[in-house]
Amino acid sequence: MKRKGMFSIVMVALCSLFLLAGPAMAQTKAKTANKKATSTASDTSSKELVDLNSATKEQLSALPGIGDAYSQKIIDNRPYKAKTDLVKKKVIPQTTYKKISSLVIAKQK
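Predicted, not measured: the structure shown is a model, and the values here were computed from it. (Residues numbered from 1 in each chain as written. Predicted model: local features only at pLDDT ≥ 70, side-chain atom pairs only at ≥ 80, totals over all residues. Heavy atoms only, no water.)

A. Structural context of the overall build of the protein chain. A count of helices and strands for the protein chain gives 5 helices and 2 strands. Scored against the burial criterion, the 109 residues of the protein chain give a buried share of 19%. Here the protein chain displays about 8300 Å² of accessible surface, and carbon together with sulfur accounts for 63% of that area. (Helix = DSSP H or I, 4+ residues; strand = E, 2+ residues; numbered from the N terminus. Buried < 20%, exposed > 50% of the residue type's maximum accessible area, 1.4 Å probe, protein only. Areas by Shrake-Rupley, 256 points an atom, 1.4 Å probe, with all protein chains shown as cover.)

Structure below.
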């Protein structure tokens, strides 16, 4: 009889421990994900952004998804008030814009 009582107490204690540890583990994972997102954003900002209004054809071609044709099209449709003008003016498709949006800027003179 004592063993059954002791077993029940141990099981209740273990269940309580798991129930309390679950939220703590979830918070740890969320903090790790936030740190990764922050480091990615700072890595992007530490790199120099390509200016759509002054970049050379070679600089534009080096962007992901942008080849010679798109880089020439970007040059031909200058100036840009905002980098979103690339899609608004139908210079590049939305999927390509998503690839380069964090790498470009449209500086005003």
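From this point, the discussion proceeds with the structure in view.
B. Region of the structure containing unusual backbone geometry. In the segment running from R78 into P79, the intervening peptide bond is cis, with an omega of 0°. Residue placement: P79 occurs in the loop between α3 (68-76) and α4 (85-88).

C. Focus on a nonpolar patch on the surface. Taken together, the side chains of M6, F7, I9, V10, M11 and L14 present a nonpolar region at the surface, about 590 Å² in accessible area. Secondary-structure assignment places L14 in helix α1 (residues 2-46). The exposure class assigned to L14 is partly exposed, which follows from its relative accessible area of 38%. (Patch = residues over 30% accessible without salt bridge, like charges linked within 9 Å, V, L, I, M, F, W, Y side chains within 5 Å. Salt bridge = Lys/Arg side-chain N within 4 Å of Asp/Glu carboxyl O.)

D. Up close: the nonpolar core. Within the largest apolar cluster, 15 residues are counted, with the highest numbers of intra-cluster contacts made by L52, I74 and L86. With residues up to four places along the chain from it excluded, the contact list for I74 reads L52, L60, I66, Y80, L86 and V91. (Core = buried A, V, L, I, M, F, W, Y, C linked by side-chain atoms within 4.5 Å. Contact = heavy atoms within 4.5 Å.)

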